[in-house]
Amino acid sequence: TMIREHSDVMNVGIVTDDLDDNFMVNEIKYVSGFHMQNVFAKDARTGKAFCENFDLDTSFVDYEKFLKTNDLIYVKTNEKERFQYIKQALEHKKHVISEVPMASNEKNLKELFQLAEKNGVLLMENICTAYLRGFTQLIWMLQSSGILGKVYNVKAHISSDMPERQMKLYGLYT
């Protein structure tokens, strides 16, 4: 209802250094109001192959240009570079979803969250894709509408009809 009434489309870009999308590209297709449109990869061949594999519009090797075309950035790259990509996206007032860990230490993590708060954008870790479709959109919509106020913590539980073997694969079942 409220989600369907929101007519803006958020353009989403992915930062990667390999050809694995962690299910993000395919999952986001089911979330109304979001369009996964492009990829940033330092290696032009990786970016081009990623676009071809996932039918994305454009591949970028210039991070500044990539940021200008997106509203939300999914950072899925090696841990050494992750902090800088996130920080730069937040400085450009982009919402960010990141693989974990976002930073290598508590000081850097606090810096990222302070930067997100200062710029009025959402920063969150990528959570299991079993939650992602509606959950990410719900949080974004509620946060941007002011209905929720400041979000400090979110606790979620999973229920699924997913086979046990598949749940083990995703780390959801031990």
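Our subject is the structure that appears above.
First, a word on scope: everything that follows refers to the structure included in this document.

## Things to note about the overall build of the protein
Right, on to step 1. Within the protein, the regular secondary structure consists of eight helices and six strands.
Right, on to step 2. Helices and strands in the protein line up, N terminus first, as α-β-α-β-α-β-α-β-α-β-α-β-α-α.
Right, on to step 3. Relative to its 174 residues, the protein shows a buried fraction of 41%.
Right, on to step 4. Sequence separation of at least 24 residues holds for 60% of the intrachain contacts in the protein that already meet a minimum separation of 6.
Right, on to step 5. Split by element, the accessible area of the protein, about 10,400 Å² in all, is 50% carbon and sulfur.

## Section: unusual backbone geometry
Right, on to step 1. Looking along the chain, the bond that leaves V100 and enters P101 is cis, with omega of -5 degrees.
Right, on to step 2. Its location among the elements puts P101 in the loop between β5 (95–98) and α6 (106–119).
Right, on to step 3. A positive phi angle is found at D55, which is not glycine, with a value near 55 degrees.
Right, on to step 4. Counting through the fold element by element, D55 comes out in the loop between α3 (44–54) and β3 (58–60).
Right, on to step 5. Judged by relative accessible area, which is 69%, D55 ranks as exposed.
Right, on to step 6. The backbone of K93 sits at a positive phi, close to 60 degrees, despite the residue not being glycine.
Right, on to step 7. You can see K93 is positioned in the loop between α5 (79–91) and β5.

## Some remarks on the packing of aromatic side chains
Right, on to step 1. Taken as a whole, this structure holds seven aromatic pairs when the rule is applied.
Right, on to step 2. An angle of 65 degrees between the planes, with centres 5.0 Å apart, marks the rings of F40 and Y63 as edge-to-face. With F40 in strand β2 (residues 34–40) and Y63 in helix α4 (residues 63–68), this residue pair connects regions lying 23 residues apart in the sequence. There is no split in this pair, since F40 and Y63 are both buried.
Right, on to step 3. For the ring pair F50 and F54, a centre distance of 4.7 Å and an interplane angle of 45 degrees mean the geometry is tilted. Of the two residues, F50 and F54 are both situated in helix α3; the distance of four residues between them amounts to about one turn of the helix.
Right, on to step 4. Residue F54 is classed as buried on the basis of its relative accessible area, which comes to 13%.
Right, on to step 5. Here the aromatic residues F40, F60, Y63, F66 and Y85 are joined through ring pairs into a cluster of three or more.

Reading the values: the criteria
- Residues numbered from 1 in each chain as written.
- Predicted model: local features only at pLDDT ≥ 70, side-chain atom pairs only at ≥ 80, totals over all residues.
- Heavy atoms only, no water.
- Helix = DSSP H or I, 4+ residues; strand = E, 2+ residues; numbered from the N terminus.
- Buried < 20%, exposed > 50% of the residue type's maximum accessible area, 1.4 Å probe, protein only.
- Contact = heavy atoms within 4.5 Å.
- Areas by Shrake-Rupley, 256 points an atom, 1.4 Å probe, with all protein chains shown as cover.
- Phe/Tyr/Trp six-rings, centres within 6.5 Å; stacked < 30°, edge-to-face > 60°.

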